[in-house]
Protein chains: 4
Amino acid sequence: MSKKIGFIGLGIMGQGMATNLIRAGFDVTLYNRTMSRAEELAAEGASVANTPAEAAQGADVVITMLADPPAIHEVILGPDGVVEGLKQGAVLVDCTTVDPATTAETLKAVTAKGAAFVDSPVTGSKEGATNGELVLLAGGDAAIIDGIRDVLCTFSKKIIHAGPVGSGTALKLSFNLMVSHMIVALSESMVLGVSAGLKPEVILEAIMAGTIQSPYYEWKGGAIMDRDFTTNFSTKLMHKDLTMMMSAGYDLNVPLPITAAVKELFAMSKAQGNNDEDFCSVVKVLEDMANVEVKKT
Amino acid sequence: MSKKIGFIGLGIMGQGMATNLIRAGFDVTLYNRTMSRAEELAAEGASVANTPAEAAQGADVVITMLADPPAIHEVILGPDGVVEGLKQGAVLVDCTTVDPATTAETLKAVTAKGAAFVDSPVTGSKEGATNGELVLLAGGDAAIIDGIRDVLCTFSKKIIHAGPVGSGTALKLSFNLMVSHMIVALSESMVLGVSAGLKPEVILEAIMAGTIQSPYYEWKGGAIMDRDFTTNFSTKLMHKDLTMMMSAGYDLNVPLPITAAVKELFAMSKAQGNNDEDFCSVVKVLEDMANVEVKKT
Amino acid sequence: MSKKIGFIGLGIMGQGMATNLIRAGFDVTLYNRTMSRAEELAAEGASVANTPAEAAQGADVVITMLADPPAIHEVILGPDGVVEGLKQGAVLVDCTTVDPATTAETLKAVTAKGAAFVDSPVTGSKEGATNGELVLLAGGDAAIIDGIRDVLCTFSKKIIHAGPVGSGTALKLSFNLMVSHMIVALSESMVLGVSAGLKPEVILEAIMAGTIQSPYYEWKGGAIMDRDFTTNFSTKLMHKDLTMMMSAGYDLNVPLPITAAVKELFAMSKAQGNNDEDFCSVVKVLEDMANVEVKKT
Amino acid sequence: MSKKIGFIGLGIMGQGMATNLIRAGFDVTLYNRTMSRAEELAAEGASVANTPAEAAQGADVVITMLADPPAIHEVILGPDGVVEGLKQGAVLVDCTTVDPATTAETLKAVTAKGAAFVDSPVTGSKEGATNGELVLLAGGDAAIIDGIRDVLCTFSKKIIHAGPVGSGTALKLSFNLMVSHMIVALSESMVLGVSAGLKPEVILEAIMAGTIQSPYYEWKGGAIMDRDFTTNFSTKLMHKDLTMMMSAGYDLNVPLPITAAVKELFAMSKAQGNNDEDFCSVVKVLEDMANVEVKKT
């Protein structure tokens, strides 16, 4: 018998994920703060709940894709929240990127209801969610995760078992650390090169010709040269994630000298007004200082 | 008629490059400070000169692959140096990674002899040199470079025309900036993750599963987890290159806040005694601080 | 008629402050988690309470000198805490260094009881507390502060009115930012100089001979050269304060690139095992790297 | 018999120093690239030379106060330079702030002429030069320095013997490192505090009330609040000095993570157009980011 699913959080990523679940034939109940968005999706063949608790009621698997820790406190842990509705034996999979403390709190509340918890932030873009090609960084019991692979595979191409609960969250921070550094490296490299008279295309060509090549440099380097800062992941969110990395470093006694400097560069980018643009707009902070523009010639 | 080639500098990279030139059938005259190394290679079918000037005499193309700016001053610009031997109409291709000032000096001296100059640092490893798969970052006149493509192609799979003379040097600094940042990012990411209880293999798996993937992360991440710090590019040389990047930033009025921090992390790595190890040993600075080891489990 | 005072928190600083209050003839009721310390001081002419609430009962002025935000939540805001005992019209003066959020919470709770709140972190050393020479950085209503000057002056030589409630906390963060930077500057300056062959006494002499002179450099420079890292203010606490500065910078959208780097240097100092030593032991991080010691000759 | 003095370099500092020498009754011969400035001063009772060599001819003591290493190469070491004119047994005192390499070169040239060399950068302001209250950081033989105390005391209130030749240069770098950090600390502290709603006067009052007080904070804090960026020491020169510190750190294997970050903040200040303003204008970089102004209320 097909599993019953509760899905909560229909933002950019959540919409794609829920759509894939519905189309795969699961019995899905949706909840979203802005009701209308849930109702639109319901047309694809889902029910709509009035509260997170209601969406969770009777579900075998509940999936949440929210904005940040405060949203977790409200939608999962608060009154009429997911935890209230969880049945014994259910599995809650939280795909939100949060800090370790929030993950620990959720685990405690979920366990108290006799349910299981998997913290599973995702990597990938909006397109990845739509096409079912996200990568899940899943922290939790291996048998539990295996038991819901049919559900998770509807929206992901790869499930990485990070370790016990909390590991997904930790892995996402290590992953986003890489992402933030890569964009900053690309920015300093291109601004220095363009200031020296190079065409930015040539810099990108050199990068893509060696073993340091990465599809990410091609994507984001292209966006920068096209001056296209349409948001895939905003400056504001990257700055928030960097704060969580520094906080994890503090808790774990890990000095992170370069990440600390990267974080302040994104603080400068926010100060420049790039808050809601894609975080690769951080290049503009350096461009302004160097009085050049990394633009396709 | 086949071109006559002078080749000077038979270090790790130079050996592979010269061997490819000889095997391609060019008439090559070698010079190396340590004579014996030139004599060994000569057995493959080359002549040996007693001075750089002699190696350059009568050559259509002279290729130099030296250590650093002081070596340029001695071997190219000094008494009995390459410039003394250059014939009118010859082309000097310097593959050394140097600073813009040294490139400018060489250009002036070469031009005064009625010869042409191409500054063309390379990217790629020792294996790349051996297999003829280096990437050349060539600065100089496009027609001049086109005219010697047959020579350059013996040891390179791709020639990127960076722009006028000096552009190759600038492009190499932008390129190595990326390289230094990537290793530092990988190091902070893995040390943070391992401190949080993750297996390093899992961190690398997550990195390689997304669009941020790069062959370089697989190579160097693997080396770190295997605790294999055999030198491909030494800490000492990366630190020197970072100094040249900062110097270029100073001259061009480009603030490089993150590269400045990266440079000091490599200074710490030197202080830790990793001078002659591969520069990815910088991870050990962070490991020591965090009291963990990023080791395959 | 003399004011009735509740005093809570008899750590290094609190002891000196409370002693001065008692000797000035005020009617003081003491509370300390470790009861014995309160009983010793009571011999000087004070009462001892069993709970913070009891110490606050009937008091005109309650003074708290605690460790950190969690202590505030327990001792001031928790069950049997100060707020429970506050009478209408009383004034609570919190001398703890905390973050703006905690100050805001305390204000709300105190106001709800019809009492007034002054956040007043102090600057100065243990000796300053003993000799009544602390400087108070007081945030609150000017008239309220004026009304309790007789109380505050028993342990302070100067009361700076920072602004409305919350300003004392903010001012303390700006102040400690200076302190952290000064020690790091002194450390890099002396380690560089000693590495160049200078005697550390000569470096300090040069610093003290110019307008940049400061009693602080003489004090801490002397301690470093004497290798005396007896704690006046610990590495652990300075690192915690730096985290609060970075957090304030995040909330207020103020990039703090140098303070971010300073914070990580203290993280390295913690990693080196200097957690409970005086924070000027951060010099040892740099000494280890440079392989020198800044020691009196 | 009074000593014969050659004085070269009549910039802001040099003018005051030379005037004091003349008024003390020494037999002074002046040289300055811009002749007219030397002629004005000559009216006070000095001779004017046509070349540096001529100013040095027959002099017992030659004092130079120049701009930077290139000026040393021209005026001291070049044709018709000071060294050409030096008599055997003379003493050359160079008060310019330079790098260790330049000091070493000058020493070699001076020694070859049978003369003695003292590298003696100064600390103090234009007013200090005028009032004879500079501090000399003198590197050289103690007996040599003692023998010319009567000369040096005309423009300095204190002569610190830093050690052998080269030590004055090293000490000046350690000193200016402090200066650069202090202004950056003051800037981050005040920008953070003002962003939190504090009056800048109150921040400065708190700083000046504790042991961290320094006349320098009062002076520069006042200038910042008055928005008076009249140059005493320019952004450009401080950035150049920071480059020399980093270069010394490189040569001596001393990581300087915070100074590296400080240097890039001054690079940003240059990029903002503050090149020729006083270096405390670096506060404007942070103000722009935080969208506040540290202005007297």
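Given the structure is predicted, the values throughout are model-derived calculations rather than measurements. (Residues numbered from 1 in each chain as written. Chains lettered and ligands numbered in written order. Predicted model: local features only at pLDDT ≥ 70, side-chain atom pairs only at ≥ 80, totals over all residues. Heavy atoms only, no water.)

**Topic: the pattern of salt bridges**
1) Next: Here the structure, examined in full by the defined rule, presents 56 salt bridges over all chains.
2) Next: Two residues, Glu 277 of chain A and Lys 284 of chain A, come together in a salt bridge whose shortest N-O distance is 2.8 Å.
3) Next: When its relative accessible area of 18% is taken as the criterion, Lys 284 of chain A is described as buried.
4) Next: Between Glu 264 of chain C and Lys 263 of chain C there is a salt bridge; the shortest N-O distance is 3.3 Å. (Salt bridge = Lys/Arg side-chain N within 4 Å of Asp/Glu carboxyl O. Buried < 20%, exposed > 50% of the residue type's maximum accessible area, 1.4 Å probe, protein only.)

**Description of unusual backbone geometry**
All names here are of chain D.
1) Next: Positive phi, close to 60°, is recorded for Asp 80, a residue that is not glycine.
2) Next: Residue Asp 80 is classed as partly exposed on the basis of its relative accessible area, which comes to 44%.
3) Next: Even without being a glycine, Arg 227 presents a positive backbone phi close to 55°.
4) Next: Here Arg 227 is to be found in the loop between α12 (215-225) and α13 (235-252). (Helix = DSSP H or I, 4+ residues; strand = E, 2+ residues; numbered from the N terminus.)

**Things to note about the relation of the copies chain C and chain D**
Taken together, a rotation about one axis and a shift along it account for how the two chain copies relate.
1) Next: Of the two same-sequence chains, chain C is brought onto chain D (RMSD 0.0 Å, axial shift 0.0 Å) by a rotation of 180°. Both chain copies can therefore be described as sitting about a two-fold axis. When each C-alpha of chain C is compared by its distance to the rotation axis, Ser 214 of chain C comes out closest, at 2.3 Å.
2) Next: When you check the interface residues of chain C against chain D, 100% turn up at the interface there too, and the contact is symmetric in its surfaces. (Least-squares fit on C-alpha atoms with pLDDT ≥ 70 in both. Contact = heavy atoms within 4.5 Å.)

**Quick word on the side chain of Lys 220 of chain B**
All names here are of chain B.
1) Next: Considering the arrangement of structural elements, one finds Lys 220 in helix α12 (residues 215-225).
2) Next: Residue class for Lys 220 comes out buried when judged on its relative accessible area of 4%.
3) Next: Aside from chain neighbours lying at most four places away, what touches Lys 220 is Ile 183, Leu 186, Asn 232, Asp 278, Phe 279 and Cys 280.

**Remarks on the interface of chain C and chain D**
1) Next: Each side of the interface is counted separately: chain C has 59 residues, and chain D has 59 residues.
2) Next: Approximately 4,900 Å² of surface area, both sides summed, lies buried where chain C meets chain D, with 77% of it carried by carbon and sulfur atoms.
3) Next: When the area that chain C buries against chain D is broken down by residue, the three leading residues are Met 178, Leu 192 and Ile 212 of chain C, summing to 14%.
4) Next: Across the salt bridge formed by Glu 205 of chain C and Lys 158 of chain D, the nearest N and O atoms sit 3.5 Å from each other.
5) Next: Linking chain C with chain D are 18 residue pairs in polar contact (both at pLDDT 80 or more).
6) Next: Contributions of two or more residues to the side of chain C that touches chain D are made by β8 (134-139), β9 (156-163), α10 (167-195), α11 (200-209), α12 (215-225), α13 (235-252), α14 (257-271) and α15 (283-290) of chain C.
7) Next: Considering each element in turn, the side of chain C that touches chain D owes the most residues, 19 residues, to α10 of chain C. (Buried area = accessible area lost by both parts, 1.4 Å probe. Polar contact = N/O pair within 3.5 Å; in protein donor to acceptor, adjacent residues only side chain to side chain.)

**A closer look at helix α10 (residues 167-195) of chain D**
Because the α-helix completes a turn every 3.6 residues, residues three or four places apart line up on one side.
Residue and element names in this part refer to chain D.
1) Next: Taking 1.5 Å of rise per residue, the 29 residues of α10 would be expected to cover 42 Å, and the 42 Å separating its terminal C-alpha atoms lies within 8% of that figure.
2) Next: Across the 29 residues of α10, 29 count as buried, placing the element largely inside the fold.
3) Next: Positioned one or two residues after α10, Gly 197 has a phi angle of 100°, which is positive. (Expected span 1.5 Å × (residues − 1).)

**Some words on the confidence of the model for chain A**
1) Next: In the predicted model, chain A carries a mean pLDDT of 96, and the fraction of residues at 70 or more is 100%.
2) Next: This prediction of the complex comes with two scores: 0.95 for pTM and 0.95 for ipTM. (pLDDT = per-residue confidence, 0-100.)

**With respect to the side chain of Glu 287 of chain A**
All names here are of chain A.
1) Next: When you line up the elements, Glu 287 lands in helix α15 (residues 283-290).
2) Next: A relative accessible area of 4% means that Glu 287 is categorised as buried.
3) Next: Reaching out from Glu 287, the side chain makes a polar contact with the backbone nitrogen of Val 294 at a distance of 2.8 Å.
4) Next: Those residues within four positions of Glu 287 in sequence are excluded, and the remaining contacts are Val 191, Arg 227, Val 292, Glu 293 and Val 294.

**What about the environment of Ala 49 of chain C?**
1) Next: Tracing the backbone shows Ala 49 of chain C in the loop between β3 (47-48) and α3 (52-56).
2) Next: Its relative accessible area of 0% is what places Ala 49 of chain C among the buried residues.

**Describing the nonpolar core**
1) Next: Among the nonpolar cores identified, the biggest contains 230 residues, and Tyr 217 of chain C together with Tyr 217 of chain D are the most heavily contacted of them.
2) Next: When near neighbours in sequence (up to four residues on either side) are disregarded, Tyr 217 of chain D contacts Met 178, Met 182 and Tyr 217 of chain C together with Met 182, Leu 186, Leu 204, Ile 207, Met 208, Ile 212 and Gly 222 of chain D. (Core = buried A, V, L, I, M, F, W, Y, C linked by side-chain atoms within 4.5 Å.)

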